[in-house]
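# Survey of secondary and tertiary structure
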Amino acid sequence: MAYWLFKSEPSTWSWDQQKAKGDAGEEWDGVRNYQARNFMRQMALGDLGFFYHSQSEKAVVGIVEVCALAHPDSTSDDDRWDCVDIKAVQDVATHVTLDQIKADPRLEDMVLVKNSRLSVQPVTKDEWTIVLALGNTRLLAP
DNA sequence: GCCAACGTTGGC
DNA sequence: GCCAACGTTGGC
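Read on for a plain summary of the structure. The structure presented is a predicted model; accordingly, all values stated were derived computationally and were not measured. (Residues numbered from 1 in each chain as written. Chains lettered and ligands numbered in written order. Predicted model: local features only at pLDDT ≥ 70, side-chain atom pairs only at ≥ 80, totals over all residues. Heavy atoms only, no water.)

### Brief notes about the protein's contact with DNA strand C
The local shell around DNA strand C consists of K7, E9, Y52, Q55, K58, L98, K102, S116 and R117. Within 4 Å of the protein, the atoms of DNA strand C are drawn from sugar and phosphate moieties in a proportion of 71%. A distance of 3.3 Å is found between a phosphate oxygen of DNA strand C and a side-chain nitrogen or oxygen belonging to Y52. A per-class count over the surface near DNA strand C returns two nonpolar, two polar and five charged. (Near = heavy atom within 4 Å. Polar contact = N/O pair within 3.5 Å; in protein donor to acceptor, adjacent residues only side chain to side chain. Nonpolar A, V, L, I, M, F, W, Y, C, P; charged D, E, K, R; others polar.)

Spelled out as structure tokens, the structure:
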């Protein structure tokens, strides 16, 4: 089981919109970056991820699960671009802001801090646990 | 709204 | 295969 972080501008695709899709989930399309695509190709069904709002909010707001393996991105006719589908799992009780993450020395190596422009990123198990704790969030049993 | 950082593109 | 130009992202 691996952990990830998906970043979105709430004005483009928000956590509320993601939740509205329910268990059907939604393509994480529109990624045109090789690193991000390669991470999506590594994802397995059931992998979990944080849903992060960039721009105005800059906070981890939700937890998602990979519900379809990498497949061609329906918004591109260029076959280089693949994407996974993700579905909302639960809210992060207390949003974890970028400021909090930056202020925590245990999280200084997070990709979010070191490479803020990467829109799909790996998260280590330790980082996952720490951010969940900061968010006062306990993962519900599957 | 600005600007720095970075990734991609295309010409050579 | 290199590198300059350009576009985009995201934090401030």
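Having seen the structure, we can now continue with the description.
### Let's talk about the pairing of strand β4 (residues 59-72)
Looking at chain direction, strand β3 (residues 48-53) and β4 are connected through six bridges and run antiparallel. Considered in β4, the bridge of F50 is made with I63. What sits between the antiparallel neighbours β3 and β4 is a turn of five residues, in which Q55 has the positive phi angle 65 degrees. When β4 meets strand β5 (residues 82-97), the two strands line up antiparallel, connected through ten bridges. Considered in β5, the bridge of H71 is made with C83. (Pairing = 2+ DSSP bridges. Helix = DSSP H or I, 4+ residues; strand = E, 2+ residues; numbered from the N terminus.)

### A short note on the pattern of salt bridges
In this structure the tally under the stated criterion is seven salt bridges. With a shortest N-O distance of 3.0 Å, R41 and D82 are connected by a salt bridge. Taken together, the residues R41 in helix α2 (residues 34-42) and D82 in strand β5 connect sequence positions 41 residues apart. Looking at R41, the relative accessible area reads 41%, which means it is partly exposed. On the accessibility criterion, D82 (14% relative accessible area) is buried. (Salt bridge = Lys/Arg side-chain N within 4 Å of Asp/Glu carboxyl O. Buried < 20%, exposed > 50% of the residue type's maximum accessible area, 1.4 Å probe, protein only.)

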